[in-house]
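Breakdown of the fold
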Amino acid sequence: MNAALLDAWFLAPALALVFGLIALMPLGHQVLLRGVVFIDLAVAQAAAAAALMAAAFIDHPGWLGTQGSAMAGALVSAALVAWLARQWPAQREALIGLVYVAAASLALLAARADPHGRERLSQLLAADVLWADWAQVALLAGCALAVLALRPLLARNRFFYAAFALVASLVVPVLGLFVVFAALIAPALWMRAGRHWSQALAATGTACASGLLLSWLLDAPSGACVALALALAGGLSALLKPR
């Protein structure tokens, strides 16, 4: 494979990660402000459980049917998280953690009912980003543009939880739950340390590129490599002195 073909092959997954970061950074900032760090795990697992149920119990649901089920599951979970955070603010993280466990258990049960459920569940947890296609890149670009355009509205609780659910249900099937969670938290930690959003994007974008390259060089799962690199980048923010 020559250099030109290699560059073209890497362009789609690289852009998928960049657009995913841009879409998730404002949401991650709001997650830390609200102290609901586990919301991504809970909402994404609910979306995964709903998608797996659609695949297991509906004959050939297709992309629209599966995605519609995922969105519905994410919206229900986000509404539940918002209610729990409002009713019991002191215990919100513990309660959101229980929502995640319940959603993960439902996902496992749904996967058992589908002959290909184990593969679908593995893909939703740690997607192989190296095989992201241009349709998925366009989807993530649309998410990024929508989040940036509507960013001022994210301070409103009702809008934030609905937007988070919809974006998570679209981004998780492309990047996987692990990468999405790390992409939410790592840039937000850099911004909390006083760095400009452009610096946070540069640091985490470099981490994504490093993970992607490591995955290709070692022939290792790309989702796990990128998530690990993002986790390390987020941890480095603890060494920064807050401005």
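That block above? That's the structure.
Residues numbered from 1 in each chain as written. Predicted model: local features only at pLDDT ≥ 70, side-chain atom pairs only at ≥ 80, totals over all residues. Heavy atoms only, no water.

Scanning the protein from terminus to terminus reveals ten helices and zero strands. For the protein, the sequential pattern of α-helices and β-strands runs α-α-α-α-α-α-α-α-α-α. On C-alpha atoms alone, the protein measures out to a radius of gyration of 17 Å, which is about the 18 Å that the 2.2 N^0.38 rule sets for 243 residues. The C-alpha extent of the protein, read off along each of the three principal axes, is 45 × 45 × 30 Å. Scored against the burial criterion, the 243 residues of the protein give a buried share of 47%. (Helix = DSSP H or I, 4+ residues; strand = E, 2+ residues; numbered from the N terminus. Rg over C-alpha atoms; globule rule 2.2 N^0.38 Å. Buried < 20%, exposed > 50% of the residue type's maximum accessible area, 1.4 Å probe, protein only.)

Our focus in this paragraph is empty space enclosed by the protein. In this structure the tally under the stated criterion is one cavity of 30 Å³ or more. In this structure, the largest cavity encloses a volume near 30 Å³. Around the largest cavity sit Ala44, Gln45, Ala48, Leu121, Leu124, Leu125, Val172 and Leu177, which together line it. Of the residues belonging to the lining of the largest cavity, the class tally is seven nonpolar, one polar and no charged. (1 Å grid on protein atoms, 1.4 Å probe; cavity = no way out; pocket = protein on both sides within 12 Å on 5 of 7 lines; lining within 4 Å. Points joined across faces, edges and corners; volume = space filled by probe spheres on them. Nonpolar A, V, L, I, M, F, W, Y, C, P; charged D, E, K, R; others polar.)

In this section: the nonpolar core. With 72 residues, the main nonpolar core has Ile39, Tyr161, Phe164 and Leu175 as its most contacted residues. For this core, the leading source of residues is helix α7 (residues 157-175), giving twelve residues. What Ile39 contacts, discounting residues up to four positions off in sequence, is Val31, Ala44, Val81, Ile96, Phe160, Tyr161 and Phe164. By size, the runner-up hydrophobic cluster in this structure holds five residues, among which are Trp190, Met191, Ala200 and Ala203. (Core = buried A, V, L, I, M, F, W, Y, C linked by side-chain atoms within 4.5 Å. Contact = heavy atoms within 4.5 Å.)

Spatial relationships are all this shows, so hold off on functional conclusions.
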